[in-house]
Every structure is written in C-alpha cells, then in structure tokens.
Amino acid sequence: MEMEEIRAQVVPAFQTEGVLEEIGPHGNGHINETYKVCFRLDTGERRRYILQRINTDVFKNPWFLTENIENVTSFLRKKSARSGGDPLRETLSLVPLQSGGTLLEDAYGNYWRMYLFIEDTICLENVEKPEDLYSSAFAFGNFQRLLADFPAASLHEVIPNFHHTPSRYEDFNQAVREDVCGRAERVAEEIRFIREREADLSAISACLADGSLPLRVTHNDTKLNNILFDAVTGKGICVIDLDTVMPGSALYDFGDAIRFGASTGAEDEKDLDQISCSLELFEAYTRGYLKGCDGSLTEQEIHMLPMGAKLMTLECGMRFLTDYLQGDTYFRIHREEHNLDRARTQFKLVRDMEEKWEEMVKIVERVRESD
Ligand code: ADP
Ligand code: GN1
Ligand code: MG
C-alpha cells in the first residue's frame, strides 16, 4: 500500500491529536510493517504514534490477537498505576478508532493498529554493554512476574505450537521432504546438524506436558529490540511487541533472549567466526532475569535455563532453515540466502553452547546462590 493511501485512508481512522506532519517506515521487525506517524499540536508540541499493519499470513486471526493485547495491556496498566508507576510509559497503549475498538480493517482487507509512541526511549538492535542486557532481562522477568496472576486460559493461542519444538521439527522435516525450491541438497550439513539433536527437542514440551514445568503467561519473542529503554537512565521500561503473548514456559522467554542477546554477533552475520555465546552476557541476562522474576521461578525452571537457551536457539535456526527451504515466505528477507545466514548463526551458537555447557550450568548456580 502506498504511503499516500496510508496517510489518507488509514491514519484518519484513529483518534489522534493534532495535524498530521509526517509518516515513514520504522524499526527492523521481520513480521509486521511498522510506521512512525508524527502530528503537531496547536501548541507546537509533537505527538507521535506507531502504526502497524498486522501480518495476517502469520497472525491468522487479528481479532484474537487484538483481544489478547487489549486485555494484557489494560491489566499491566492497572498494576503500574497501583504501584505508583507511569502506566503510559511502562505499557503499550492502543489508540482507539473513531468508530470504536482498536483494530482497523481497511478497504483492501489489511488490518491496522496504532500505539502511542513512547517518547524519550531508545530501542537497541545490538547489545552495546552487559548492563543493557541485564536491564532488558530485568524488564522481561518483571513482565512475567506481573502477569503471574493474569488468567492465562483467557488468552487466545494466536500461533498454535509457537515454541513447541517437536512440532517445529515436524514442519522442518516436511519442508525437507517437499524441497519446493530444490535447496535441500545445498544445506545437507545443516539438516544433519538438526537431526543429530532430535533427542533434545522435547526437553521442554515433555516437562510442560507432565506438569514438572508450570505453564505461564509468556512473551515468546524476547529479542532485545522488543524492549524500550529510558533514554536518560538506560533502564528497560517497556516491553513491546506483544503479538505473541500466550501461555508458555518461562524457558521460552529466557532462551529466546539468550540466543539473540548473548550472541557476540548479529543474527544474520555471514562471518561465523564472529559468532559465539558470550558467557559474560549469559550471566548478565541470567542475573537480570532472576532479579526481575523475583523468586517466582521454580527450582526446575532455574535448573533448565541452559536447556532453554540451547533449545530456543536450535528451534529458531530450524525455523529460519525451514523458511529457506520453503522459499522465504515467512521471515522478511533483505538479501538472497538471508534466512540461511540466519540459520547458520543459530547453529554456530548451539555448538558453542554445547561446548560451554558446564560453565553455563555453573553460572546459573552461582547467580541463584548469590540472589
Ligand atoms: P515487529 O513485530 O515487526 O518486530 P515491533 O512491535 O517490535 O514490530 O515494532 C518495531 C519497532 O518499532 C520496535 O523495535 C521499536 O523500535 C519501535 N516501536 C514499537 N512500538 C513502539 C512504541 N510504542 N513507542 C516507540 N517505539 C516503538
Ligand atoms: C520474528 O517480528 P520479530 O522480528 O520481533 C519472529 C520471532 C523470531 C524472530 C527472529 C511472530 O520476530 O519468533 O524469533 O523473528 N516472530 C514471529 O528474529 O514469528
Ligand atoms: Mg519486534
């Protein structure tokens, strides 16, 4: 959709303040389309908003997704207000439509939503220092703690089996069998890498099924760039990108954050020599996460944190490779073989974690004891 159309037909549907000045693409997400929309008030003050077109290939039911976000954000806003916080800074706020509700379906069948832009914050694409990761970990842990008494059963499972690794493995095997782009032969080594680890894949799902791991409300996409940091204090103040909030395991949130944040290189780095799992960053995240969860994790969850890191990294690599095999239809790519490069960084990380396993286990023990 052209920017002019978005400006004329989408933006006016929302209850914004002031006169529209500018609209442009924003952020680096792989799934939705994000725009920053700037308005000017009579007083000269600026009002900004985040406008997003929801990817309905990925999120098949945007109504359910919106219901989840409305319920979770209003729950968090109330908690923030009760504890003397700043609800509009600590929680995402959906902007209502002129016609009521918060989800817009345009004339072409696209779905849109708008959030208040949280000002004076920064969003980090890469870890610049361990404190950043600590701070993001605290925010994600705190998010989990705040949602501990949210009625999890009321949430829609917007993407069924999102972090159910054995089910991702089935999808992967099907993609290898079908090999619609004729790419399987080229990635035989990566396919073997995954298959050699088949026995590990049910480590979390089996414990959720037998009740030895509790089902919690989890974020499920705990990349560093899904936290907004206060521009002055550097503290992680708001957890964003709530599309995948669903019932799940705390290990999903911990593991996904480690695979992204404790890597010494970018998710799509081509030079695999740049990629390893930094134990310093692993420790910083573990410390921040346990602090943020504030005693709410069980012994078993803490014990399995290294497994969470390894499995979520392997799963993500498997998802990138599956998408590569299927012709890059899920994750947005910016170059040929982008998904393959992404998959390779994840497998390099998994191998490195396996080599550092004993140290990761010791770090978790040390952090727990010092807590
Ligand atoms: P995606 O699902 O595509 O990752 P996100 O919801 O994470 O989309 O948004 C993309 C980027 O937009 C974020 O990484 C962040 O930089 C920015 N962003 C999103 N929501 C807000 C907000 N309410 N205030 C300020 N920036 C935001
Ligand atoms: C996607 O939209 P974004 O970039 O925050 C994906 C995550 C992956 C991530 C990998 C809904 O997240 O699961 O871990 O890319 N989100 C969805 O970078 O599939
Ligand atoms: Mg995001």
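If you're wondering where the values come from, they're calculated on a predicted model, not measured in any experiment.

Engineer: Let's hear about the coordination of the magnesium ion (ligand 3): which residues, and what values?
Structural biologist: Protein coordination at the magnesium ion (ligand 3) comes from Asn226 (OD1) and Asp241 (OD), with a distance range of 2.2 Å. With a gap of 15 residues between them, Asn226 in the loop between strand E7 (216–218) and strand E8 (227–230) and Asp241 in the loop between strand E9 (236–239) and strand E10 (246–248) connect regions that are remote in the sequence. Residue classification places Asp241 among the partly exposed residues on the basis of a relative accessible area of 26%.

Engineer: With reference to specific residues and values, describe the packing of aromatic side chains.
Structural biologist: Inspection of the entire model under this criterion finds 12 aromatic pairs. With centroids separated by 6.1 Å and ring planes inclined at 40°, the aromatic side chains of Tyr35 and Trp112 adopt a geometry described as tilted. Placement of the pair is Tyr35 in strand E2 (residues 33–40) and Trp112 in strand E5 (residues 111–116), with a sequence separation of 77 residues. Pair check on accessibility: Tyr35 and Trp112 agree, each one buried. When the centroid spacing of 5.9 Å and the interplanar angle of 20° are considered together, the rings of Tyr285 and Tyr289 count as stacked. Linking Tyr285 with Tyr289, this pair stays in helix H9 (residues 279–293), spanning four residues, or about one helical turn. The burial state of Tyr285 is the same as that of Tyr289; both residues are buried. What links up through ring pairs into an aromatic cluster is the set Phe254, Phe282, Tyr285 and Tyr289.

Engineer: Tell me about the nonpolar core, and please be specific about residues and values.
Structural biologist: Counting residues in each nonpolar core, the largest one holds 97 residues, and the members touching the most others are Phe172, Tyr285, Tyr289 and Leu321. Residue contributions to this core reach at least three from each of two domains, namely domain 1 (3–117) and domain 2 (130–370). Phe172 has contacts with Ile191, Ile194, Arg195, Met318, Leu321, Thr322 and Leu325, leaving out every residue within four places of it along the chain. Ranked by size, the runner-up nonpolar core spans 16 residues in total, among them Val10, Ile23, Leu51 and Leu104.

Engineer: Pulling in residues and values, what's your account of helix H2 (residues 62–82)?
Structural biologist: In this model, H2 (21 residues) spans 30 Å end to end at C-alpha, consistent with the 30 Å of a helix rising 1.5 Å per residue. On its buried face, H2 sits against helix H3 (87–90), E5 and helix H4 (130–146). For H2, the N-terminal capping position is held by Asn61, with its side-chain oxygen 3.0 Å away from the main-chain nitrogen of Trp63. Phi turns positive, to about 80°, at Gly84, one or two residues after H2.

Engineer: Break down the site of ligand 2 for me, with residues and values.
Structural biologist: Around ligand 2 there are 18 residues in total, and Asp221, Lys223, Glu267, Arg319 and Tyr330 lie nearest to it. A distance of 2.8 Å separates an oxygen atom of ligand 2 from a polar atom in the side chain of Asp221. Between an oxygen atom of ligand 2 and a side-chain N or O atom of Arg259, the distance comes to 3.2 Å. Notes on ligand 2: free accessible area 450 Å², of which the protein chains cover 96%. Only helix H8 (250–261) and helix H11 (305–325) provide two or more residues apiece to the shell around ligand 2. The dominant element in the shell around ligand 2, judged by the number of residues it contributes, is H11, at three residues. When grouped by side-chain class, the residues that make up the shell around ligand 2 number seven nonpolar, four polar and seven charged. A domain split of the shell around ligand 2 shows at least three residues from each of domain 1 (3–117) and domain 2 (130–370).

About the criteria used
- Residues numbered from 1 in each chain as written.
- Chains lettered and ligands numbered in written order.
- Predicted model: local features only at pLDDT ≥ 70, side-chain atom pairs only at ≥ 80, totals over all residues.
- Heavy atoms only, no water.
- Donors = N, O, S within 2.8 Å, 3.2 Å for Na, K, Ca; no water.
- Helix = DSSP H or I, 4+ residues; strand = E, 2+ residues; numbered from the N terminus.
- Buried < 20%, exposed > 50% of the residue type's maximum accessible area, 1.4 Å probe, protein only.
- Phe/Tyr/Trp six-rings, centres within 6.5 Å; stacked < 30°, edge-to-face > 60°.
- Core = buried A, V, L, I, M, F, W, Y, C linked by side-chain atoms within 4.5 Å.
- Domains from an automatic or database assignment.
- Contact = heavy atoms within 4.5 Å.
- Expected span 1.5 Å × (residues − 1).
- Polar contact = N/O pair within 3.5 Å; in protein donor to acceptor, adjacent residues only side chain to side chain.
- Near = heavy atom within 4 Å.
- Areas by Shrake-Rupley, 256 points an atom, 1.4 Å probe, with all protein chains shown as cover.
- Nonpolar A, V, L, I, M, F, W, Y, C, P; charged D, E, K, R; others polar.

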